[in-house]
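Next come the chains, spelled out residue by residue.
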Amino acid sequence: MPETQRPTGARRGASVLVTGAAGNLGRAVVDRLRARGARVRRLVHRRTPGLPHDVESVVGDLTEPAVFRAALRDIDAVLLLWPLLDSAPAHPVVAELVAAAPRVVYVSSTAMDDGAARQSDPIVQVHADMEGLLRDAGLRPVVLRSDTLASNVRGWAAQLRVGDVIAGVHTARTAVVDERDVADAAAAVLLAPHHAQRVSAPYLLTGPEVLGRADQVARLGDALGRRLSFTALPAGPARSRMLADGRPERLVEALIAASARRPESKRVTDHVERLTGRPARTFARWAIDHAGEFS
C-alpha cells in the first residue's frame, strides 16, 4: 500500500508535461492542472484546434528522442501515458527522462499481478514492462494503477444511435473508475510537494463498485431513460466488429486476449479518496453526467 496519504500544499506554478494529452484521460488531466495554476505543456501526435491559449503544445512522436527532449525542457513533472503495446520503443524515452530528471507519474493498470512471471494479456504486460523500465532506470516513478475507465463506454455511442442493444466482447467484472477521478488523482500527485512523494507501492485507483458490461449498459440506460441490453459476442464476430470500427489490428487482438484471459477483480480501494479528499464517483454518476453524448 502507498505510504503517503492525500498530498497537501500543491505547488502553484509548477511546470507539467502531459503525454497522450489528446485522449480522454490526458485532456482531463490538462484541465485540472490548469485550474490549479500549473504551467502545462502537452505532447500530442498531431495538432488539434481549440487548444486553450495558456497550454503549450509540442507536436510529434513521443518515441522520437529529439521531440521528447524538447517537450521536457524546463519541466518539473511528467505524466506518462504510454500509447503502444510494445515497451521496446520506450528505452530512448526513459533515457531522456533520466537526463532531464523530472518527477515521473506513470498511469498503469490494476490488472497487474506482481507475483506473475507474465501478465494475463498484452495490455497488462506492456504496463508491467514499462513499470520495470522506469524503476530499473532509477526514476522512482509514482505509479497510478487505474481500473477500467468509465470513458471506454463512449465506444458504444454508434450502436446506441441505431438501437437499444450493445454487442461487444465480454470483459471480466471490475471496479470501473471515472476518468475524472483518475485525472484528479494524477493532478494531485503531479503538483504535490516533493516531500510528499515517498511512495513505496502503486496507488490502485478504482470505482466504488464492481461492474460487468451488462451492469454498465443497464446504468447507462437508466441515465438515458431507455431499456438497454448487452450481448456478448464470440471472439470472431467481436474481432470483425472492432476491425470494422477502424481499430488497429494489433489492439483488437490485445482486446480479444484480455477478454479471454483477464480475470475478474473484486478489488475496491479508497486510493482515489486518499489522493483527492473525496470518494470515487459511481458509474451511474458518470452515465448521468455524460448522457448527452449518447443521444
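Rules and cut-offs
- Residues numbered from 1 in each chain as written.
- Predicted model: local features only at pLDDT ≥ 70, side-chain atom pairs only at ≥ 80, totals over all residues.
- Heavy atoms only, no water.
- Phe/Tyr/Trp six-rings, centres within 6.5 Å; stacked < 30°, edge-to-face > 60°.
- Helix = DSSP H or I, 4+ residues; strand = E, 2+ residues; numbered from the N terminus.
- Buried < 20%, exposed > 50% of the residue type's maximum accessible area, 1.4 Å probe, protein only.
- Axes fitted to C-alpha atoms, helices over the stretch in contact; angles between N-to-C directions.
- Parallel < 35°, antiparallel > 145°, perpendicular 65-115°, else oblique.
- Left-handed = near helix turned anticlockwise from the far one by under 90°.
- Contact = heavy atoms within 4.5 Å.
- Salt bridge = Lys/Arg side-chain N within 4 Å of Asp/Glu carboxyl O.
- Nonpolar A, V, L, I, M, F, W, Y, C, P; charged D, E, K, R; others polar.

Colleague: What is the right way to look at the packing of aromatic side chains in this model?
Modeller: For any pair of aromatic rings, geometry is given as the distance between the ring centres together with the angle between the planes. By the definition in use, this model includes two aromatic pairs. Summarising the aromatic geometry, the rings of Phe283 and Trp286 are spaced 5.8 Å apart at their centres and angled 15° between planes, so their arrangement reads as stacked. Placement of the pair is Phe283 and Trp286 together in helix 11 (residues 283-289), with a separation of three residues, close to one helical turn. With relative accessibility at 2%, the residue Phe283 sits in the buried group. For Trp286, a relative accessible area of 0% gives the class buried. Ring centres 6.3 Å apart and planes at 65° place the aromatic pair Trp286 and Phe294 in the edge-to-face group. You'll find Trp286 and Phe294 in the same group, each marked buried. The rings of Phe283, Trp286 and Phe294 are connected pair by pair, giving a single aromatic cluster.

Colleague: Which parts of the structure should I look at to understand the packing of helix 1 (residues 24-35) against helix 6 (residues 179-190)?
Modeller: Helix-helix packing: each pair is described by the crossing angle between the helix axes and the interaxial distance. At a minimum axis distance of 8 Å, the contact between helix 1 and helix 6 shows a crossing angle of 50°. Judged by the angle between their axes, helix 1 and helix 6 are oblique. Considering only the axes of helix 1 and helix 6, their crossing is right-handed. Taken together, the residues of helix 6 that come into contact with helix 1 (itself represented by Leu25, Ala28, Val29, Arg32 and Leu33) are Glu179, Arg180, Val182, Ala183, Asp184, Ala186, Ala187 and Leu190.

Colleague: How do you make sense of the pattern of salt bridges when you look at a structure like this?
Modeller: When the charged atoms of two side chains with opposite charge come close together, those side chains can pair. All told, the structure shown has 22 salt bridges when counted by the stated rule. For Arg226, the salt bridge goes to Asp164, with nearest N and O atoms at 2.6 Å. With Arg226 in the loop between helix 7 (213-224) and strand 9 (229-233) and Asp164 in the loop between helix 5 (157-160) and strand 7 (165-169), this residue pair connects regions lying 62 residues apart in the sequence. Here Arg226 falls in the partly exposed class, since its relative accessible area comes to 27%. For Asp164, a relative accessible area of 37% translates into the label partly exposed. Note that Asp289 and Arg180 form a salt bridge whose closest N and O atoms lie 3.0 Å from each other. Taken together, the residues Asp289 in helix 11 and Arg180 in helix 6 connect sequence positions 109 residues apart. Looking at Asp289, the relative accessible area reads 38%, which means it is partly exposed.

Colleague: Is there a simple way to think about the packing of helix 2 (residues 65-72) against helix 3 (residues 90-100) in this case?
Modeller: Running from N to C, helix 2 and helix 3 point in directions that differ by 30°, and their axes come no closer than 10 Å. Taken together, the axes of helix 2 and helix 3 lie roughly parallel to each other. For the pair helix 2 and helix 3, the sense of crossing is right-handed. Of helix 3, the residues touching helix 2 (which contributes Pro65, Phe68, Arg69 and Leu72) are Pro92, Val93, Glu96, Leu97 and Ala100. For the contact of helix 2 with helix 3, a count of residues per class yields seven nonpolar, no polar and two charged.

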